[in-house]
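Architecture at a glance
Below are the chains, spelled out letter by letter.
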Amino acid sequence: MAAIPKTTSFPELSNNDAVLSSDADHPALPTQGIRSWAKVGNKHPLDPLSEAEITVAVATVRASGETPEVRDGMRFIEVALVEPEKHVVALADAYFFPPFQSSLVPRTKGGPLIPSKLPSRQARLIVYNKRTNETSIWVVELSEVHAVARGGHHRGKVVSSQVIADVQPAMDAAEYAECEAVVKEYPPFQEAMRKRGIENMDLVMVDPWCVGYHSEADLPNRRLAKPLIFCRIESDCPMDNGYARPVEGIHVLVDLQNMVVLEFEDRKFVPLPPPDPLRNYTSGETRGGIDRSDVKPLQILQPEGPSFRVDGHFVKWQKWNFRVGFTPREGLVLYSVAYLDGNRGRRSVAHRLSFVEMVVPYGDPHEPHYRKNAFDAGEDGLGKNAHSLKKGCDCLGFIKYFDGHLTTFTGEVETIQNCVCLHEEDHGILWKHQDWRTGLAEDGKIEAEVKLTGILSVGALSPGESRKYGTVIAPGLYAPVHQHFFVARMDMAVDCKPGEALNQVVEVNVKVEDQGDHNVHNNAFLAEETILGSELQARRDCNPLSARHWIVRNTRNVNRTGHLTGYKLVPGSNCLPLAGPDAKFLRRAAFLKHNLWVTAYASNEMYPGGEFPNQNPRIGEGLASWVEKNRPLHESDVVLWYVFGVTHVPRLEDWPVMPVDCIGFMLMPDGFFNCSPAVDVAPNSHESDVKDGKVTKSVVTQGLVAKL
């Protein structure tokens, strides 16, 4: 049996499960039993922005508007921390904050020079102006944030501001709501609804989608949306699944800047699908069914509390330690991931881990499905769509919650309570010898896991019509085939101290040995290594036939056998885009063309499709363009970009809501340790066991996994 400290959001770290999550409104649970250190003065340079800091940043930018019209037109797409240079993080971790490890700072003659304070924190704001249709980026220094809480004026200082031409920033929930209202009030739209037998506009659902980029009509000189239309059946049932009745054949184009309908055309009459008695997924009689009654309670008990310790956003879980971050675009971020390895001390694995994009292309060439190519991070925001997590549903056992602070479209602070949770989880047997077994997350693995669930995006069929690009899931209703792609950005630092750039990336393929004197029994196969020496050489794809994987090695540190220490990236199931090479969405998503990209670290290279993928006309912006520099990767500060996905051919069992499917990958020590790091986990000697209906005590061992 394996116990786990766990954190759930989109990725997961697995071995001793520590999980961070987000999913439904629930008040924070008491933190009794979680051990903490005494509080340290100011915020750590990597801590997410607080409510007060966001308030100061917004007020500073708004006050800097040249005219009242400019100030009134400001809409705040994103306010996020300006992450400092890595040497600033090293100073903070050495002298001001846990882990208080002075060895993180390079030694100098006469001893270390200890600074009296750290640089002021800064916020970076993406601002859209509704009056001018301009997008700008501001950087604000947050020098005296406490003044706001004391009733004083804001004390931020504008460090820089720049208008970015020919872009559109991510859409906002406030725009979604306003767009829906504008469309539903448009008389030709109401007439089209009446033509389909819909008189009650309260039943109509208008879902705005970004237009992407398919032609010059989508250029970013206008802020555009093309909504999809659905209709619920029951007005008195807010949980009625309106997505079971798509309204086909209507073309709507909305100007989000001025909130007006630019184009409207009722192109084709497609009858609404008949009411599907299996459309709803609510409980019991509200669904038209009966819930099963044979599920017994499963309780997770931790009488001595959890094995992790939390100080602010710094987490120690057995031999692991890391910092928890949160951004509007990425959601959960892990910083400074390291392992305490006996007399070798604190050994770094990665500086920063996060998911930076999610793309969902659809395989149906008909309207409107060919346009459904959502960039969920760049066009919307993974963090902005995080939900509050619930105990028992999303998190188990003893839980530590973290809140997320964001800005609304108009600049107010919005707090998502419990959007990240940390808990331990049973993860099964780690290793076994004869009848003695133990499992834990102390084996050094980091597992990234994405759990896919939700409602299918469906289309309506005319009577007698069939569609080969999807699956019929109910009378008159079908779900197009599609793919889900995720991009993990991993700023690695394997066995590196701050300031060191001593990593390289090696590809490993297993090959069959040629028959001959070295293979007389014709059974031989071996692993061959190839150093990926440059960025263009490091554009690679998965190959399960050769068990292909990649190792990030430190070029100076060796293990007891004299080989270089490393961590390997082990792919899970994966795929590549099935669309043709000239598909329009690949102009913006060229990074999907390979499963692995490796770049030399650059602080401004964060998002694989560029900063602004919404309505982006520029081909290959972002990762595909950066690697054209072909920077050397030997002894470098390397960043891995792993693209993984799944091809979803819908099933009837995916309706009305898809059961969870899992994909992911693993970071696994490869010569990083001198032996298994899991052998020092003691057995758990008093575990309850049930046999023939009787509870007994038996000696078992406990395995732990840490998930993110």
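Residues numbered from 1 in each chain as written. Predicted model: local features only at pLDDT ≥ 70, side-chain atom pairs only at ≥ 80, totals over all residues. Heavy atoms only, no water.

Structural notes on the pattern of salt bridges
- All chains considered together, the criterion is met by 37 salt bridges.
- Its salt-bridge partner being Lys 319, residue Asp 680 comes within 2.4 Å of it at the nearest N-O pair. Separated by 361 residues along the polypeptide, Asp 680 in the loop between strand E34 (658-669) and strand E35 (684-691) and Lys 319 in the loop between strand E14 (314-317) and strand E15 (320-327) bring together distant segments of the chain.
- Classification of Lys 319 by relative accessible area gives partly exposed; the value is 26%.
- Across the pair Arg 548 and Glu 507 runs a salt bridge whose closest N-O atoms are separated by 3.4 Å. One end of the pair, Arg 548, is in the loop between strand E29 (525-531) and strand E30 (549-558); the other, Glu 507, is in strand E28 (residues 503-512), and 41 residues separate them in sequence.
- One connected set of salt bridges, linked through shared partners, spans Glu 535, Glu 605, Lys 629 and Arg 631. (Salt bridge = Lys/Arg side-chain N within 4 Å of Asp/Glu carboxyl O. Helix = DSSP H or I, 4+ residues; strand = E, 2+ residues; numbered from the N terminus. Buried < 20%, exposed > 50% of the residue type's maximum accessible area, 1.4 Å probe, protein only.)

A word on the sheet that holds strand E25 (residues 470-474)
- If you walk across this open sheet you meet the three strands as E24-E26-E25, and the pairing is antiparallel. Across the chains shown, the open sheet's two edge strands, defined by having one partner strand only, are strand E24 (459-460) and E25.
- Note: E24 against strand E26 (residues 477-480), two bridges, orientation antiparallel. Following the sheet pairing, Ala 460 is matched in E26 by Leu 477. (Pairing = 2+ DSSP bridges.)

Some words on unusual backbone geometry
- Note that the residue after Pro 98, namely Pro 99, is joined by a cis bond; omega there is 15 degrees.
- With respect to the helices, strands and loops of the structure, Pro 99 is situated in the loop between helix H3 (86-96) and strand E5 (121-129).
- For Asp 166, which is not glycine, the phi dihedral falls at a positive 60 degrees.
- Checked against the element boundaries, Asp 166 lands in the loop between strand E7 (156-164) and helix H5 (173-184).
- Asp 166 sits in the exposed class, given a relative accessible area of 56%.
- A positive phi angle is found at Asn 630, which is not glycine, with a value near 55 degrees.
- Tracing the sequence through the fold places Asn 630 in the loop between helix H8 (623-626) and strand E33 (638-648).

Some thoughts on the side chain of Arg 323
- Looking at the element boundaries, Arg 323 is found in strand E15.
- If sequence neighbours within four positions are ignored, Arg 323 has contacts with His 44, Asp 47, Asp 93, Phe 97, Pro 98, His 313, Phe 314, Val 333, Leu 334 and Tyr 335. (Contact = heavy atoms within 4.5 Å.)

With respect to the sheet that holds strand E12 (residues 260-266)
- The antiparallel open sheet is built from three strands, whose spatial order is E9-E11-E12. At either end of the open sheet lies a strand with only one pairing partner, and these are strand E9 (224-225) and E12.
- By the bridge criterion, two bridges tie E9 to strand E11 (residues 250-255) in an arrangement that is antiparallel. Its bridge partner being in E11, Leu 224 is matched across the sheet by Asp 255.

Overview of the packing of aromatic side chains
- Applying the stated rule across the entire model yields 14 aromatic pairs.
- An angle of 15 degrees between the planes, with centres 5.7 Å apart, marks the rings of Tyr 642 and Phe 644 as stacked. Both residues of the pair, Tyr 642 and Phe 644, count as buried.
- Between Phe 644 and Phe 665, the aromatic rings sit 5.4 Å apart at their centres with planes inclined by 70 degrees, giving edge-to-face as the arrangement. Separated by 21 residues along the polypeptide, Phe 644 in strand E33 and Phe 665 in strand E34 bring together distant segments of the chain. Both residues of the pair, Phe 644 and Phe 665, count as buried. (Phe/Tyr/Trp six-rings, centres within 6.5 Å; stacked < 30°, edge-to-face > 60°.)

Structural notes on the side chain of Gln 504
- Relative to the assigned elements, Gln 504 resides in strand E28.
- Polar contacts involving the side chain of Gln 504 include one to the side chain of His 634, which spans 2.9 Å.
- The residues touching Gln 504, leaving out its near neighbours within four places in the chain, are Ile 531, Ile 551, Val 552, Arg 553, Thr 555, Leu 564, Leu 633, His 634 and Glu 635. (Polar contact = N/O pair within 3.5 Å; in protein donor to acceptor, adjacent residues only side chain to side chain.)

Topic: the confidence of the model for the protein
- Averaged over the protein, the pLDDT score is 87; the fraction of residues at 70 or greater is 85%.
- Counting interchain partners and residues more than four positions distant, the pLDDT-below-50 stretch residues 432-440 has 34 contacts.
- In the model, residues 697-708 has pLDDT below 50 throughout and makes 97 contacts with residues more than four positions away in sequence or in other chains. (pLDDT = per-residue confidence, 0-100.)

Let's talk about the pairing of strand E16 (residues 331-340)
- Of all 10 residues in E16, nine are buried; the element is thus mostly enclosed.
- In this sheet, E16 lies alongside E15 in antiparallel orientation, the contact comprising seven bridges. Looking at E16, one finds that Thr 327 is bridged to Gly 331.
- Hairpin connection, E15 to E16: the antiparallel pair is bridged by three residues.
- By the bridge criterion, seven bridges tie E16 to strand E17 (residues 346-361) in an arrangement that is antiparallel. What sits directly across from Leu 340, in E17, is Arg 346.

Things to note about the environment of Asp 394
- The topology assignment puts Asp 394 in the loop between strand E18 (373-375) and strand E19 (400-407).
- Between the C-alpha atom of Asp 394 and that of Cys 421, which follows or precedes it by 27 residues, the distance is 8.7 Å.

Side note on the pairing of strand E31 (residues 564-571)
- Both E30 and E31 contribute to a ladder of five bridges, which runs antiparallel. Pairing of Val 558 across the sheet is with Leu 564, part of E31.
- As consecutive antiparallel partners, E30 and E31 are separated by five residues, and within that stretch Gly 562 has a phi angle of approximately 90 degrees, a positive value.
- When E31 meets E34, the two strands line up antiparallel, connected through five bridges. Bridged to Pro 571 within E34 is Phe 665.

Remarks on the nonpolar core
- With 59 residues, the main nonpolar core has Met 490, Met 492, Leu 569, Phe 644 and Phe 665 as its most contacted residues.
- One finds Ile 198, Met 201, Val 204 and Ile 229 within the second-largest nonpolar core, a separate group that totals 24 residues. (Core = buried A, V, L, I, M, F, W, Y, C linked by side-chain atoms within 4.5 Å.)

Topic: H5
- Taking 1.5 Å per residue as the helical rise, H5 with its 12 residues ought to reach 16 Å, and the 17 Å between its terminal C-alpha atoms agrees with that figure.
- Within H5, burial applies to Glu 175, Cys 179, Val 182, Val 183 and Lys 184.
- Contacts made by the buried residues of H5 are with helix H6 (187-195), strand E8 (204-207), E11 and E12.
- Capping the start of H5 is the job of one residue whose side-chain oxygen sits 2.9 Å from the backbone nitrogen of Ala 174: Asp 172. (Expected span 1.5 Å × (residues − 1).)

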